[in-house]
Amino acid sequence: MKRLFANFKAGAAIMEEAFLHFIWKFQHFRTPALTTDDGQELIIFHPGLRNTDAGPDFLNARIKIGEITWNGHVEIHVTASDWSRHSHQFDKAYNNVILHVVWENNVTASRADGNIIPTLVLKDLLLPHLYLNYKKLLEPGDEILCRNFIRNVKPITIINMADRAVAGRLQERAESMLRELFLAQNDWEEVAWRFLCRSFGFRTNADAFFDLGKSLPFKIIKKECQNPSTIEALLYGQAGFLDDAPVDEYQALLKKEYDFKYRKYGLEKRLHRHRWKFLRLRPANFPTIRISQLSAVIGAQPTLFSFFTEYENSGDLKKAFYVQPSQYWTEHYQFGEKTSHRLGGLGKSSIDNILINTCGPIALCLGNTQG
């Protein structure tokens, strides 16, 4: 530890990116009169949300540089040259990076469009004891310090804590639905559609699926619900998976159908391909597969809001989700890429997850609005 302390500011060799993530997340650095590398005043309103999947390290941060307030992503590296070493300058997923946070600023980083990214250098903003404490915390201990105390907690206390956590989560989701209901001009069907889409993204692609739902009005889905291939074309097209040249006949057919419907309905604001995350996901959880499953479900159930609020029992709800995607998506996990084993519809746990995160908040949101 003494050697570590002595070498703290010697260079980037001993520094770890995980430590810099920790420092940025909790803002554990000296903050008076922060400036970027080019001398502009920097104010951090929100550091963003930690991203453990592909893409920038922190999403949806809010900062002010000079006189301009920015909303976007933050990328963190030990040395600024890691930006180009990781080829971020060619990756569209990094086009919304508004701040590059580094330990050592040895080169200038720029986005794919050529614009230089403002940089915050942490090397002179940290106290050595922070890194020492961080390393000490990572040292394996003999046991979890509080594990013996759990025996003294009454079961009813644990149950009550779990109940409060569930109620809080449901209330939080219901409040977000109320905000979306206002934006959708009190269209319950539209809100149910958007949050169903969000649920199909599960944790990794929830935001992208939510934006997909917002980009494709449900009234269009209802008009086309009798045509499964059209529903798929609209969803894959708005998701950005039909932007490139088709790799097989099926993708070409969807692209042709989507191009026609895109003009017919005057669609816009489709997502970019880089919004979707595949890293560390099993093929069955790829967003391409989830979109095919969503298409199958929505094609069989075009009246969402009444379906989610007027069901007799949960069994009826679950049956509607036990549907098979189109034949193509039982054999492929991406366009033009076949799978070695057959893919199917949603599993039981996935259906439970979707219903919990869709039906429960809708019921609570409806109850809140109607007293």
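Student: How should helix α10 (residues 249-265) be read in this particular structure?
Tutor: Side chains that are three or four residues apart share a direction in an α-helix, a result of its 3.6 residues per turn. The end-to-end C-alpha distance of α10, which contains 17 residues, comes to 24 Å, matching closely the 24 Å that a straight helix rising 1.5 Å per residue would cover. Where α10 is concerned, the buried positions are Y250, Q251, L254, Y258, K261 and Y265. Considered in projection along α10, the buried side chains sweep an arc of 95° and stay on one side of the axis. Every exposed residue of α10 that faces more than 90 degrees away from the buried side is listed here: E249, L253, K256 and R263. Looking at the buried side of α10, the elements it contacts are α8 (218-224) and α9 (228-238). Positioned one or two residues after α10, G266 has a phi angle of 60°, which is positive.

Student: Just to check I follow, could you spell out the side chain of R173 for this structure?
Tutor: One can find R173 in helix α5 (residues 155-183). One buried charged side chain, R173, makes no salt bridge at all; its nearest oppositely charged neighbour is E172, positioned 6.6 Å away. The contact partners of R173, leaving out residues within four places of it in the chain, are F195, R198, N357 and P361.

Student: Could you clarify how one ought to interpret the nonpolar core in this entry?
Tutor: Proteins that are soluble and globular tend to have nonpolar side chains buried together. Within the largest apolar cluster, 62 residues are counted, with the highest numbers of intra-cluster contacts made by W276, F308 and F321. Among the elements that take part in this core, helix α6 (residues 188-200) stands out by supplying eight residues, more than any other. By size, the runner-up hydrophobic cluster in this structure holds 26 residues, among which are L42, V74, V78 and L125.

Student: Can you walk me through the environment of N60 in this structure?
Tutor: Within the secondary structure layout, N60 lies in strand β3 (residues 58-65). Along the primary structure N60 and L49 are separated by eleven residues, whereas in three dimensions their C-alpha atoms are 6.6 Å apart. Apart from residues no more than four positions distant in its own chain, N60 is found in contact with H46, G48, G72 and H73.

Student: Teacher, can you tell me more about a nonpolar patch on the surface here?
Tutor: Nonpolar side chains collect at one region of the surface, where I150, V153 and I158 lie side by side and expose about 240 Å² of accessible area between them. Here V153 lies in the loop between α4 (128-138) and α5. The exposure class assigned to V153 is partly exposed, which follows from its relative accessible area of 32%.

Student: Just to check I follow, could you spell out empty space enclosed by the protein for this structure?
Tutor: Over the atoms rolls a probe the size of a water molecule, and its path tells where empty space is left. The full count for this structure, using the stated rule, is one cavity of 30 Å³ or more. For the largest cavity, the calculated volume is near 30 Å³. In terms of lining residues, the largest cavity is bounded by L196, V297, Q301, L304, F307, F308, A320 and F321. Broken down by element, the lining of the largest cavity gets its largest block of residues, three residues, from helix α12 (residues 304-309). The class makeup of the residues in the lining of the largest cavity is seven nonpolar, one polar and no charged.

Definitions and limits used
- Residues numbered from 1 in each chain as written.
- Predicted model: local features only at pLDDT ≥ 70, side-chain atom pairs only at ≥ 80, totals over all residues.
- Heavy atoms only, no water.
- Helix = DSSP H or I, 4+ residues; strand = E, 2+ residues; numbered from the N terminus.
- Expected span 1.5 Å × (residues − 1).
- Buried < 20%, exposed > 50% of the residue type's maximum accessible area, 1.4 Å probe, protein only.
- Arc of directions from axis to C-beta.
- Contact = heavy atoms within 4.5 Å.
- Lys, Arg positive; Asp, Glu negative; His and termini not counted.
- Salt bridge = Lys/Arg side-chain N within 4 Å of Asp/Glu carboxyl O.
- Core = buried A, V, L, I, M, F, W, Y, C linked by side-chain atoms within 4.5 Å.
- Patch = residues over 30% accessible without salt bridge, like charges linked within 9 Å, V, L, I, M, F, W, Y side chains within 5 Å.
- Areas by Shrake-Rupley, 256 points an atom, 1.4 Å probe, with all protein chains shown as cover.
- 1 Å grid on protein atoms, 1.4 Å probe; cavity = no way out; pocket = protein on both sides within 12 Å on 5 of 7 lines; lining within 4 Å.
- Points joined across faces, edges and corners; volume = space filled by probe spheres on them.
- Nonpolar A, V, L, I, M, F, W, Y, C, P; charged D, E, K, R; others polar.

Nothing here speaks to function; it is geometry throughout.
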